[in-house]
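What follows is the residue order along each chain.
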Amino acid sequence: MKPHETATDSTSQTFLTGAILFANLDYSGLEAYAIKAAIGGAIWMVFKLAGDYISHRLINKKNKPTE
């Protein structure tokens with residue numbers, strides 16, 4: 001039988017660090033933060049799409065030949 005060996009690669013060290021950090025996480029504010037992040041992401045997406053639409057509209061108007 002082989003003796004029990006411990007893993008020393010970076011993946012196991014990262015997993016251990018993440019497990020320790022998440023074990024000490026305060027979950028009471030996590031739900032509120034997730035809601036705020038989702039709302040903020042939706043607002044950013046609306047502004048991004050509106051900016052792209054206006055930008056393309058102005059570029060098309062600029063490149064359109066006038067008669």
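Just so it is clear, the structure is predicted and the values come from calculations on it, not from any experiment. (Residues numbered from 1 in each chain as written. Predicted model: local features only at pLDDT ≥ 70, side-chain atom pairs only at ≥ 80, totals over all residues. Heavy atoms only, no water.)

Quick notes on the overall build of the protein chain
Here is step 1 of the chain: Scanning the protein chain from N- to C-terminus turns up two helices and zero strands.
Here is step 2 of the chain: Looking at the protein chain as a whole, 0% of its 67 residues are labelled buried.
Here is step 3 of the chain: Accessible area for the protein chain stands at about 6800 Å²; split by element, carbon and sulfur atoms hold 66% of it. (Helix = DSSP H or I, 4+ residues; strand = E, 2+ residues; numbered from the N terminus. Buried < 20%, exposed > 50% of the residue type's maximum accessible area, 1.4 Å probe, protein only. Areas by Shrake-Rupley, 256 points an atom, 1.4 Å probe, with all protein chains shown as cover.)

Looking at helix H1 (residues 10-23)
Here is step 1 of the chain: Here H1 is 14 residues long and its end C-alpha atoms lie 20 Å apart, about the 20 Å a rise of 1.5 Å per residue gives.
Here is step 2 of the chain: In terms of burial, H1 is a largely surface element, zero of the 14 residues being buried. (Expected span 1.5 Å × (residues − 1).)

Structural notes on the pattern of salt bridges
Here is step 1 of the chain: Inspection of every chain in the model, using the stated rule, returns one salt bridge.
Here is step 2 of the chain: Across the pair Lys48 and Asp52 runs a salt bridge, and its minimum N-O distance is 3.7 Å. You can see Lys48 and its partner Asp52 sitting in helix H2 (residues 30-63), four residues apart, about one turn around the helix. (Salt bridge = Lys/Arg side-chain N within 4 Å of Asp/Glu carboxyl O.)

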